Amino acid sequence: MGLISAPVTATPLLDGVTGPKDLRTMDSETLVRLAGELRAETIRIVSRTGGHLGSSLGVIELTLAIHAIFDTPHDKLIWDVSHQCYPHKILTGRRERMLGLRKKDGPSGFTRRAESPYDPFGAAHSSTSISAGLGFAMARELGGDPGDVVCVIGDGAMSAGMAFEAINNAGALGKRIFVILNDNAMSISPSTGAFATYLAELGARPGEERSFFAQMGFAYHGPVDGHDLPGLLESLRSLREEATGPVLLHAITRKGAGYDAAETSADKYHGVAKFDVETGQQAKAAATAPSYTKVFAGALVKEAEKDSRIIAITAAMEAGTGVDIFRRHFPNRAFDVGIAEQHAVTFAAGLAAGGMKPFCAIYSTFLQRGYDQIVHDVALQGLPVRFAIDRAGLVGADGPTHAGAFDVGYLANLPGFTVMAASDEAELVNMVATAAAHDSGPIAFRYPRGEGTGVAMPETGVPLPIGKGRVVAAGGTVALLSFGGRLGECLMARQMLATHGIPVTVADARFAKPLDTGLLEELYETHELLVTIEEGASGGFAALVLGHLAGRGLLDGHLGSRCALRTMTLPDRFIAQASPEEMYEDAGLSAHHIALLVRDVLAARSVVPLAARQLNGRHVRRVQVAE
């Protein structure tokens, strides 16, 4: 493959680029030199910020060629997933802001409509580009925004059904649209499935006229060398001049191209921390506790050693979910189905119906993509599929597109579903055991991104009683009922409130469905104030609590004669990227927010904290702490 990768330190050509229009004045030789500078600048930036490096290095030449030939932003350039968009952002007026990449108030790590006119369609999830691009093309045909449409989609993204649905529709409509298949034989991990094998074979047959894409109504061109910039310029110029209908250009690229440390890495530096450019050494802080992902994987391996029916399934996220660890122990019981969450869920349903115990390990944000299958194929049939939901809550640098905010609401409203949330890594181990033992219907457990809390870990998991929470710390006036990973913040708030003479009970709900109604009613009836805290959107745990209390008539009566009740959820807006701590601060879910809410409510009720206080004809008493 053609590629200039000699070390570059100065960037005189790039320094003179104010936007893509400048590229259209450069000859092929100058653009090749610019490619070296753009690659060096991308490496320099990501070495200081961390982020998605490998995918961005793989499209340096493609990015330059597209912007040089097409009239962006008049012509629409849509990046699938868009984690490869860093070179695009550098060229489109955002270079000076890139050291703030993926940080609070900085550029997003993905394309974002609100950020630039050069980002006509936002992305971060996979396989949406052709559908969106076809929408732009039809809008043009119907009198909307003019201009050509170029969609860049990776071979990994072609494993999703949505991409095929769009190709099917585009081929039938026959409208002019350009699809560039960025084929590097990878998504995050190496691409899987029969279509990946087909693309590899197609890439070895230049000039193939009867490709799948041709049969679907596309003019197929390729394969071409995706790092041969002069060749790309020639191909795109010719296609732009001659195309009358849908076109697919098959470009063979290398993830991490031009940077040895990336090219020799197993994941091609897909997602990296800050690193030293010379050595490629990443600056990762020493872990103080195991990650929730590794805890899940280890617990699942232990359960699988006892039960040969346990299966692990993921959707192109083996390393991200820990299924890679499971695969090393049980290679015949681990399945990476590609970027195909709908299929993953129904595949798991079939396994469950066939007598197996499938664990479907998918990030919260990606599980949304398989919701109809969860409803129709799992819940409606009462099949015992186990959903291991990683990245619950706010996730930091990847921002709102990857937040795990909605799964409690969209799962707990389904009949027969059991929904749990781990407050720490020891609880997660027990929830894996609970799910393994649960055969009476679908069950889900959610857990955050990142390190655990450092609690003592059980040797093996112990199944939890279904629908039973626990009291972690006993108090008197106020009860904090936490669901999930905010338990630590509740305990910190308890300490803050103790300095003001306010005794606080802290409880861990463990289950959103079925609710521990006995614990809930006891907390409500024996405290002046009950506050629920969760790292999810409204309509989740708090809504279930309110629904139960209202149904029991416990919310009736005069305000002064009953326990006050407040709920703390994620606000009704998408929270921009920042560190997880900054995002929870923005969301108002940190310890000091909890303490402030409690003090404000008690002050408004003119409550004087006492060890015992008359309430609804009963005395406040201390609830017992769970052992």
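This is a predicted model, so every value here is computed, not measured.

Conventions and cut-offs
- Residues numbered from 1 in each chain as written.
- Predicted model: local features only at pLDDT ≥ 70, side-chain atom pairs only at ≥ 80, totals over all residues.
- Heavy atoms only, no water.
- Buried < 20%, exposed > 50% of the residue type's maximum accessible area, 1.4 Å probe, protein only.
- Helix = DSSP H or I, 4+ residues; strand = E, 2+ residues; numbered from the N terminus.
- Pairing = 2+ DSSP bridges.
- Salt bridge = Lys/Arg side-chain N within 4 Å of Asp/Glu carboxyl O.
- Axes fitted to C-alpha atoms, helices over the stretch in contact; angles between N-to-C directions.
- Phe/Tyr/Trp six-rings, centres within 6.5 Å; stacked < 30°, edge-to-face > 60°.
- Lys NZ or Arg CZ within 6 Å of the ring centre and 35° of its normal.
- Contact = heavy atoms within 4.5 Å.
- pLDDT = per-residue confidence, 0-100.
- Polar contact = N/O pair within 3.5 Å; in protein donor to acceptor, adjacent residues only side chain to side chain.
- Left-handed = near helix turned anticlockwise from the far one by under 90°.
- Nonpolar A, V, L, I, M, F, W, Y, C, P; charged D, E, K, R; others polar.
- Expected span 1.5 Å × (residues − 1).

## A word on the pairing of strand β9 (residues 386-390)
Residues in a regular strand point their side chains to alternate faces of the sheet.
Reasoning step 1: Taking burial as the measure, the 5 residues of β9 include 5 buried ones, the bulk of the element.
Reasoning step 2: Of the two faces of β9, the one carrying Arg386, Ala388 and Asp390 and the one carrying Phe387 and Ile389 are both buried.
Reasoning step 3: The sheet contact formed by strand β8 (residues 357-363) and β9 spans 5 bridges and is parallel. Counterpart to Cys360 in the pairing with β9 is Phe387.
Reasoning step 4: Of the pairings in the sheet, the one linking β9 to strand β11 (residues 443-446) comprises 4 bridges and is parallel in character. Bridge pairing in β11 places Ala388 opposite Phe445.

## Brief notes about the pattern of salt bridges
Reasoning step 1: For the structure on display, the rule yields 31 salt bridges.
Reasoning step 2: Between Arg24 and Asp71 there is a salt bridge whose closest N-O contact spans 3.3 Å. Note that Arg24 is positioned in the loop between α1 (12-15) and α2 (28-49) and Asp71 in the loop between α4 (60-69) and β1 (76-79), a separation of 47 residues in sequence.
Reasoning step 3: On the basis of relative accessibility, which here comes to 30%, the residue Arg24 falls in the partly exposed class.
Reasoning step 4: Accessibility expressed as a relative area gives 33% for Asp71, which makes it partly exposed.

## A look at the sheet that holds strand β16 (residues 529-534)
Pairing between the strands of a sheet comes from backbone hydrogen bonds, and it takes one of two forms, parallel or antiparallel.
Reasoning step 1: On the basis of which strands lie adjacent, the open sheet formed by 5 strands has the order β12-β14-β13-β16-β17 and mixed pairing. Since the sheet does not close on itself, it has two edges, and those belong to β12 (470-473) and β17 (564-568), each with one partner. Taking the axes of each pair of neighbouring strands and ignoring which way they run, one obtains an average angle of 25° across the sheet.

## Things to note about the packing of aromatic side chains
Reasoning step 1: A full pass over the atoms with the stated rule returns 23 aromatic pairs.
Reasoning step 2: Judged by centre distance (5.8 Å) and plane angle (25°), the ring pair of Phe296 and Tyr447 falls under stacked. Taken together, the positions of Phe296 in helix α12 (residues 292-306) and Tyr447 in the loop between β11 and β12 put the pair 151 residues apart, joining distant regions of the chain. Accessibility assignment for this pair places Phe296 and Tyr447 in one class, buried.
Reasoning step 3: An angle of 65° between the planes, with centres 6.4 Å apart, marks the rings of Phe359 and Phe445 as edge-to-face. Of this pair, Phe359 sits in strand β8 while Phe445 sits in strand β11, and the two are 86 residues apart along the sequence.
Reasoning step 4: Residue classification places Phe359 among the buried residues on the basis of a relative accessible area of 0%.
Reasoning step 5: Among the aromatic residues, those joined into a cluster by ring pairs are Phe164, Phe195, Tyr198, Phe212, Phe213 and Tyr220.
Reasoning step 6: In this arrangement the basic side chain of Arg333 is found over the ring face of Phe330, its NZ or CZ atom lying 4.2 Å from the centre.
Reasoning step 7: When the ring centre of Tyr584 is taken as reference, the NZ or CZ atom of Arg486 above it lies at 3.7 Å.

## Overview of the sheet that holds β9
Reasoning step 1: Reading across from one edge, β7-β6-β8-β9-β11-β10-β15 is the order of the 7 strands in this open sheet, with mixed pairing throughout. Each end of this open sheet is capped by a strand with a single partner; those strands are β7 (334-336) and β15 (511-513). For this sheet, the mean angle separating the axes of adjacent strands, direction not counted, is 20°.
Reasoning step 2: Sheet strands in contact with helix α15 (residues 341-353) are β6 (310-314), β7, β8 and β9, and its direction is about 165° off that of β8.
Reasoning step 3: Contacts from helix α19 (residues 425-437) reach β6, β8, β9, β10 (418-421) and β11 within the one sheet, and its direction differs from that of β11 by about 170°.

## What to know about the confidence of the model for the chain
Reasoning step 1: Confidence in the prediction for the chain averages 93 pLDDT; 95% of positions are at 70 or higher.
Reasoning step 2: Confidence drops under a pLDDT of 50 for residues 607-622, and excluding neighbours within four residues, the segment shows 37 contacts in the predicted structure.

## Observations regarding the side chain of Asp424
Reasoning step 1: You can see Asp424 is positioned in the loop between β10 and α19.
Reasoning step 2: A relative accessible area of 10% places Asp424 in the buried class.
Reasoning step 3: Side-chain polar atoms of Asp424 contact the backbone nitrogen of Ala426, separated by 3.0 Å.
Reasoning step 4: If we ignore the near neighbours within four places in the chain, the residues touching Asp424 are Tyr292, Thr453, Val455 and Arg470.

## Examining the packing of α12 against α19
Reasoning step 1: Following both chains from N to C, one finds α12 and α19 inclined at 35°, their axes separated by 9 Å at the closest point. Every pair of crossing elements has a handedness; the one defined by α12 and α19 is right-handed. Residues Tyr292, Val295, Phe296, Ala299, Leu300 and Glu303 of α12 pack against Glu425, Leu428, Val429, Val432, Ala433 and Ala436 of α19.
Reasoning step 2: Across the contact of α12 with α19, the residue classes tally to 10 nonpolar, no polar and 2 charged.

## Side note on helix α24 (residues 591-604)
In an α-helix, one turn spans 3.6 residues, which is why side chains three or four residues apart end up on the same side.
Reasoning step 1: Taking 1.5 Å per residue as the helical rise, α24 with its 14 residues ought to reach 20 Å, and the 20 Å between its terminal C-alpha atoms agrees with that figure.
Reasoning step 2: Along α24, the residues classified as buried are Ala591, His593, Ile594, Ala595, Val598, Val601 and Leu602.
Reasoning step 3: Buried residues belonging to α24 abut β13 (478-483), α20 (487-498), β16, β17 and α23 (580-587).

## Things to note about the side chain of Thr314
Reasoning step 1: Relative to the elements of secondary structure, Thr314 occurs in strand β6.
Reasoning step 2: In this structure Thr314 comes out as buried when scored by relative accessible area, which is 0%.
Reasoning step 3: Only 3.4 Å separates the side chain of Thr314 from the side chain of Thr321, close enough to count as a polar contact.
Reasoning step 4: Beyond its immediate sequence surroundings of up to four residues, Thr314 is in contact with Thr321, Val323, Phe335, Asp336, Val337 and Ala361.

## Considerations on the pairing of β8
Reasoning step 1: In terms of residue burial, β8 counts as a mostly covered element, since 7 of its 7 residues are buried.
Reasoning step 2: Neither face of β8 is exposed, since Lys357, Phe359, Ala361 and Tyr363 on one face and Pro358, Cys360 and Ile362 on the opposite face are all buried.
Reasoning step 3: One ladder, built from 4 bridges, connects β6 with β8; its direction is parallel. Bridged to Ile313 within β8 is Cys360.

## Quick look at the environment of Asn182
Reasoning step 1: The residue Asn182 is located in strand β3 (residues 177-183) in this model.
Reasoning step 2: Asn182 sits 71 residues away from Thr253 along the chain, and the two C-alpha atoms are 6.5 Å apart.
Reasoning step 3: Once residues lying within four places of it in the same chain are set aside, the contact partners of Asn182 are Gly58, Val59, Leu62, Val152, Ile153, Gly154, Asp155, Ala251 and Thr253.

## Quick look at the environment of Pro290
Reasoning step 1: Topologically, Pro290 is positioned in the loop between α11 (260-263) and α12.
Reasoning step 2: Judged by its relative accessible area of 39%, Pro290 is partly exposed.
Reasoning step 3: Remark: the alpha-carbon pair of Pro290 and Ala204, spanning 86 residues in sequence, is separated by 44 Å.
Reasoning step 4: Look past the residues within four positions of Pro290 in its chain and what remains in contact with it is Val295, Glu451 and Gly452.

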